[in-house]
Structure formats: C-alpha cells, structure tokens
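What follows is the residue order along each chain.
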Amino acid sequence: NTRIWHANTKEWEREALNEAAAVLRDGGTVAFPTETVYGLGADARDDAAVARIFEAKGRPSDNPLIVHIANLEQLDELVLPYGEAAQRLMARFWPGPLTIVLPVKPGAVSQRVTAGLDTLAVRMPDHPVALQLIESSGCPIAGPSANRSGRPSPTRAEHVKDDLDGRIDGIVDGGPAGVGLESTVVEIDGDAVRILRPGGITAGALREITGRVIHDVEAVPDEATGAAVRAGTIEAPRSPGMKYTHYAPKGLMQLVIGDAGDVTAYIKEQAAAARSRGERAGILAFAEHGACYEGDDTVIVGSLSQLETAAQGLYAALRTFDERGAQYIWAEGCPQEGIGHALMNRLVKAAGHRIVRV
Ligand code: TXA
Ligand code: MG
C-alpha cells in the first residue's frame, strides 16, 4: 500500500520526512515534490530500488533517469571531475530547474539509472521538502517524473496518486509544484551549452552566463526552413527520453498555430463539427481567448501575457480533459519565447506532433 505523508506545514515536516527518508534508505520508492513536477524517488545506487521505479512507471529501460542531490559533496561521488562551464552553471542555477549531463563515475550508480550510457543527468532541486528528504535519506535519489509512462507529468500529489497508488511505497504531499514543466536538460560541448530538453531555465537565462547556447530543435520548426519531422527526431539520440510519446492526454489532440483570429475561428468550427458528430470535444485555450469559445468545453491553461501561469497549468489541464472524457482536443499555441519554448515543446508532444497551421 502507498503511504501519504503531508509536508505542507513545518510541524509535520521533520517527522514525516524522516519516515519517508527511511523508506528510501531501505530500497523503497517515494514520490516527492520538486519545484518543477513531482518525482518518483529511489536510491540511485540500489539496483533493485531503481528497478522498482521502472516497474511502477511502466518506463522503457533504455530511458535513463535524473539523479537528484542536495549538496555538491554528493555530486563528487557520482561524476568525474568537470570543467569550468559546468561549475558556472551550478553556481548560477542550482538549486533550480536545470539538469546537467556529466561523465559518470564508473560504478557510482546502478546501471539502470544511466541505461548503460557513460553520462549521468544530475540536478539539485529548488524545493525545501525535496532537499530535506534527499539530505535526510543520505542517498543520491534517482527520480523521473512520478507519472505512469506516457501520461502528463504530475504537478500535484493527487496526480501521483491517480497514476501510481498501490504501485509505490509512499507519496510526500508538499502541495502544488511551482514551474509546472520539467527541468531544462543540458550537456556541455566545449564552451557551449546544448539544450537537450527545454524547461524551467530558459535559453536566455543560460546565454547570460555561457558563450554559446545550442538548440537542438525548435518545438515548432520554421515553416520556411524546417520540415515538421525535425521536432520529433533530432533530439532522440542525445536525450533518449525525447523520442517517446510523452505527456499525452487520452483524447486525440491537435495543436493549432497562426494568427489569433484564425486560430480561434478554426478551433470553434472544428469543435462544433465534432459535437455534431456526437463526439466529446475539448479546447485548451489561453485566458485572452476564453470568451471566443462560449458554450464549448474549454480549459483555460493560463495567460498569454504571463506564460509562466500556462506552464504551471498545462499538465493539470491535460488531465482534466481525460477526466471529462474528451475524445478530441484542440489546443492553442503560444509564442516560443522564454518559457514559451518549453511550453510549445510539451504541447507539440502532447499533440503527438499533429500541428495545424491556419
Ligand atoms: O524536472 C525534472 O527534471 C523532473 C523532476 C522530478 O526532477 N524529472 C524528470 O525526469 O523530468 P524524467 O525521467 O521524466 O526525464 C528525464 C529526461 C529524459 O528525457 C531522459 O532521457 C533524459 O532526462 N536523460 C537522463 N539521463 C540522460 C543522459 N545521461 N543523457 C541525456 N539525457 C538524459
Ligand atoms: Mg517524465
């Protein structure tokens, strides 16, 4: 059975987290809050414990895990000596939503964590509960997002419960996650930083402290220059997880991009057509256009003028469509600036790369 610990208030925190930490030390699996999404943790050095993560999630074994640490002393045990570029990234962005891929120290973690690669993805989460849990367990904590594989990542403890109840040992409920999208994953290439997965730390923020930032892909390629397939294929070899269909709601989703007036008109028309066929249609819209869809089954994901709110709300919105039994979902796109880049990356994936330009 899956235990639930509440870590919302200070009085509860210490005792609850000590119990949860003990479960981790004993080779158990515990979901915990981070500033991005909830993670499913286990001792990264314990082969059987890590196997339980893959089992609980139904995750393909060739998709490696991120290891979470609470301090830099832990890092030295996990990876080989790293250069100045990595040090600068850590100094500026840790704790925070940045995952850095570094050469792994042989034998430091279970082979299952790295899926046989000679690199390890590491991050120090910026969340007091996560940091205290890791610290008190004394383990480096392997932690993928705490969802069943293929489902939207969990941004609340209830999402974890919906997906993994009975499949894991415990859940630490620390309230809603902050950023709402997963961390930015980067690797270091000479003096450049290559973004393998866009996320909470934007390209602009990275550019402030490194010479060059390389984008493997735009989420939605430029119409003039890029074939649409780029969005699906280029990242795959470097960050194994990017090749899987991720974040998908159960309904068939399409991402609609173009001028706002054209987008809302197209979506309204499509939703009406679906309804007249007797199908359940859902619309994922920005607050600014909410009024255009009166009478439709609309979920407002956030505001275009503050894309951070949309990032926070995206995964919960996708889960809402599942609860309502939406068979078709039309989603509005957003500008690929700042966090909008990561947001579009996830929207494109949720839509299974079905992009309609109007
Ligand atoms: O915000 C996050 O990163 C959350 C929270 C829980 O920390 N975790 C998360 O983990 O999103 P997961 O397993 O859902 O995604 C890990 C991503 C995958 O795309 C995986 O392929 C990539 O990181 N990855 C892991 N190890 C890697 C490596 N050695 N080289 C390249 N990519 C790697
Ligand atoms: Mg995930």
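- The name that an unreviewed UniProt entry assigns to the protein is Threonylcarbamoyl-AMP synthase, with the source organism given as Paenibacillus spongiae.
- Turning to the protein, the UniProt record has this under Catalytic activity (unreviewed entry): "L-threonine + hydrogencarbonate + ATP = L-threonylcarbamoyladenylate + diphosphate + H2O".
- Looking at the Sequence similarities (unreviewed entry) heading of the UniProt record, one finds this comment for the protein: "Belongs to the SUA5 family."

1. A few points about the pairing of strand 13 (residues 281–286)
Okay, so step 1: Most of strand 13 is tucked away: six of the six residues are buried.
Okay, so step 2: The pairing of strand 13 with strand 15 (residues 328–332) spans four bridges and is classified as parallel. Opposite A281, over in strand 15, you have Y328 as the bridge partner.
Okay, so step 3: Judged from the four bridges that link them, strand 13 and strand 14 (residues 298–302) form a sheet pairing that is parallel. Its bridge partner lying in strand 14, L284 is registered against V299.

2. Comments concerning unusual backbone geometry
Leaving glycine aside, a negative phi is the common case for residues, and trans is the common case for peptide bonds.
Okay, so step 1: Each neighbour pair has its own omega, and for W94 with P95 the value is -10 degrees, a cis peptide bond.
Okay, so step 2: Checked against the element boundaries, P95 lands in the loop between helix 4 (84–93) and strand 5 (98–103).
Okay, so step 3: Not every positive phi belongs to a glycine, and A115 is a case in point at roughly 50 degrees.
Okay, so step 4: Positionally, A115 belongs in the loop between helix 5 (111–114) and strand 6 (119–123).

3. Concerning the packing of helix 11 (residues 307–324) against helix 12 (residues 340–350)
Okay, so step 1: In the contact formed by helix 11 and helix 12, the axes pass within 9 Å of each other and the chain directions differ by 20 degrees. Put simply, helix 11 runs roughly parallel to helix 12. Pair helix 11 / helix 12 crosses with left-handed handedness. Across the interface between the two elements, L307, A310, A311, L314, Y315 and L318 from helix 11 touch G340, L343, R346, L347 and A350 from helix 12.
Okay, so step 2: Residue composition of the contact of helix 11 with helix 12, by class: nine nonpolar, one polar and one charged.

4. Quick look at the confidence of the model for the protein
The predicted coordinates should not be examined in detail at positions where pLDDT is low.
Okay, so step 1: Looking at the protein as a whole, the pLDDT averages 91, with 91% of positions reaching at least 70.
Okay, so step 2: Scored by ipTM, the complex comes to 0.99, with pTM at 0.93.

5. Section: the side chain of T2
Okay, so step 1: Take T2: it is sitting in the segment before strand 1 (3–6).
Okay, so step 2: Within the local environment of T2, its side chain forms a polar contact with the backbone nitrogen of G166, the two atoms lying 2.7 Å apart.
Okay, so step 3: With sequence-adjacent residues up to four places away left out, T2 is seen in contact with L164, D165, G166, R167, I168, D169, G170 and I171.

6. Quick notes on helix 7 (residues 157–164)
Okay, so step 1: All of the buried residues along helix 7 are A157, H159, V160, D163 and L164. The arc enclosing the buried residues of helix 7, seen along the axis, measures out at 155 degrees, which places them on a common side.
Okay, so step 2: G166 sits one or two residues past helix 7 and shows a positive phi near 85 degrees.

7. Looking at the UniProt feature "domain: YrdC-like" (unreviewed entry) in the protein
Okay, so step 1: Under the UniProt annotation, "domain: YrdC-like" (unreviewed entry) lies at residues 14–201.
Okay, so step 2: Measuring from the first to the last C-alpha atom of residues 14–201 gives 30 Å, for a span that is 32% helix and 21% strand.

8. Some points on the packing of aromatic side chains
Okay, so step 1: Under the definition given, this model contains one aromatic pair.
Okay, so step 2: Geometrically, the ring pair formed by Y328 and W330 is stacked, given 6.1 Å between the ring centres and 20 degrees between the ring planes.
Okay, so step 3: Assessed through its relative accessible area of 26%, Y328 is described here as partly exposed.
Okay, so step 4: Given the relative accessible area of 3%, W330 is considered buried.

Reading the values: rules and limits
Residues numbered from 1 in each chain as written. Chains lettered and ligands numbered in written order. Predicted model: local features only at pLDDT ≥ 70, side-chain atom pairs only at ≥ 80, totals over all residues. Heavy atoms only, no water. UniProt positions renumbered as here; feature names shortened; annotations may be inferred. Buried < 20%, exposed > 50% of the residue type's maximum accessible area, 1.4 Å probe, protein only. Helix = DSSP H or I, 4+ residues; strand = E, 2+ residues; numbered from the N terminus. Pairing = 2+ DSSP bridges. Axes fitted to C-alpha atoms, helices over the stretch in contact; angles between N-to-C directions. Parallel < 35°, antiparallel > 145°, perpendicular 65-115°, else oblique. Left-handed = near helix turned anticlockwise from the far one by under 90°. Contact = heavy atoms within 4.5 Å. Nonpolar A, V, L, I, M, F, W, Y, C, P; charged D, E, K, R; others polar. pLDDT = per-residue confidence, 0-100. Polar contact = N/O pair within 3.5 Å; in protein donor to acceptor, adjacent residues only side chain to side chain. Arc of directions from axis to C-beta. Phe/Tyr/Trp six-rings, centres within 6.5 Å; stacked < 30°, edge-to-face > 60°.

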